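As a plain string of letters, each chain reads:
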Amino acid sequence: MATERTLSIIKPDATRRNLTGKINAKFEEKGLTIAATKRLHLTKAQAEAFYAVHSARPFFNDLVSFMISGPVVAQVLVGENAIAQNREIMGATNPANAEPGTIRKEFAESIEANSVHGSDSPEAAANEISFFFAEIEIVA
């Protein structure tokens, strides 16, 4: 198994409900380390740039609007197979299909307001992490 980094974003629906600590506890209970964290309020331009890969999809404008609706918490998670592990901890994008005990099953309000984002590949993780963090800000 390989030690990896992945990006996690705690979305506005979760920060609005003060769920950051409960969500972080799930990561840590499964052995992931929070190596960097920052709370910020994305601008429209930042959200559009971050989600540019989805710009042609019909949900893009709604996604951007949602992501700028309140603060988010961007984090670098580190651990064995962190990308797959984080995705398992998050659960299915649609909370109705998420396994019991996952973040989205417990905390999501809808498919869009599903409380968390996580990188889906090593390439995406590297790009997403560098979007939010300088290397000096990441302490493993």
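Residues numbered from 1 in each chain as written. Predicted model: local features only at pLDDT ≥ 70, side-chain atom pairs only at ≥ 80, totals over all residues. Heavy atoms only, no water.

(A) Seen up close, helix α4 (residues 60-67). Within the span of α4, buried status applies to F60, L63, V64, F66 and M67. The buried residues of α4 occupy an angular sector of 165 degrees when projected down its axis, which confines them to one face. If you follow the buried residues of α4, they end up packed against β1 (3-10), α1 (12-16), α3 (44-50) and β3 (72-80). (Buried < 20%, exposed > 50% of the residue type's maximum accessible area, 1.4 Å probe, protein only. Helix = DSSP H or I, 4+ residues; strand = E, 2+ residues; numbered from the N terminus. Arc of directions from axis to C-beta. Contact = heavy atoms within 4.5 Å.)

(B) Representation of the layout of surface pockets within the structure. Space inside the largest pocket adds up to approximately 720 Å³. Mapped onto the lining of the largest pocket, the elements with two or more residues apiece are α3, α4, β4 (116-118) and α7 (122-132). Examining the composition of the lining of the largest pocket, we find that 5 residues originate from one element, α7, more than from any other. Among the residues making up the lining of the largest pocket, the classes are represented as 11 nonpolar, 7 polar and 8 charged. There is about 170 Å³ of room inside the second largest pocket. As for the second largest pocket, its lining consists of K26, E29, K30, Q85, E88, I89, P100, G101 and T102. Mapped onto the lining of the second largest pocket, the elements with two or more residues apiece are α2 (20-29) and α5 (82-90). Top element by residues in the lining of the second largest pocket is α5. It accounts for 3 residues. Per-class residue counts for the lining of the second largest pocket are 2 nonpolar, 3 polar and 4 charged. (1 Å grid on protein atoms, 1.4 Å probe; cavity = no way out; pocket = protein on both sides within 12 Å on 5 of 7 lines; lining within 4 Å. Points joined across faces, edges and corners; volume = space filled by probe spheres on them. Nonpolar A, V, L, I, M, F, W, Y, C, P; charged D, E, K, R; others polar.)

(C) Highlighting unusual backbone geometry. Positioned with a positive phi, N18 is a non-glycine residue whose angle comes to about 55 degrees. Inspection of the secondary structure assignment puts N18 in the loop between α1 and α2. By relative accessible area, N18 is classed as exposed at 67%.

(D) Quick look at the pattern of salt bridges. According to the stated counting rule, one finds 7 salt bridges in the structure shown. Here the salt bridges do not stand alone but share partners, grouping D13, R16, R17 and E109 into one network. (Salt bridge = Lys/Arg side-chain N within 4 Å of Asp/Glu carboxyl O.)

(E) Local environment of the packing of aromatic side chains. In this structure the tally under the stated criterion is 4 aromatic pairs. Taking 4.9 Å as the distance between ring centres and 90 degrees as the angle between the ring planes, the aromatic pair formed by F50 and Y51 counts as edge-to-face. Summarising the burial analysis for this pair, F50 and Y51 share the class buried. A ring pair is formed by F50 and F131, whose centres lie 5.3 Å apart and whose planes are at 65 degrees; its orientation type is edge-to-face. Separated by 81 residues along the polypeptide, F50 in helix α3 and F131 in helix α7 bring together distant segments of the chain. (Phe/Tyr/Trp six-rings, centres within 6.5 Å; stacked < 30°, edge-to-face > 60°.)

(F) Here's a closer look at the side chain of K26. The residue K26 is located in helix α2 in this model. Classification of K26 as buried rests on a relative accessible area of 15%. Setting aside residues up to four positions removed in sequence, K26 forms contacts with I89, G101, I103, E106 and F107.

(G) Structural context of the side chain of N114. Along the chain, N114 turns up in the loop between α6 (103-107) and β4. Residue N114 is classed as buried on the basis of its relative accessible area of 2%. A polar contact of 3.4 Å, which involves the side chain of N114, links it to the backbone oxygen of T93. (Polar contact = N/O pair within 3.5 Å; in protein donor to acceptor, adjacent residues only side chain to side chain.)

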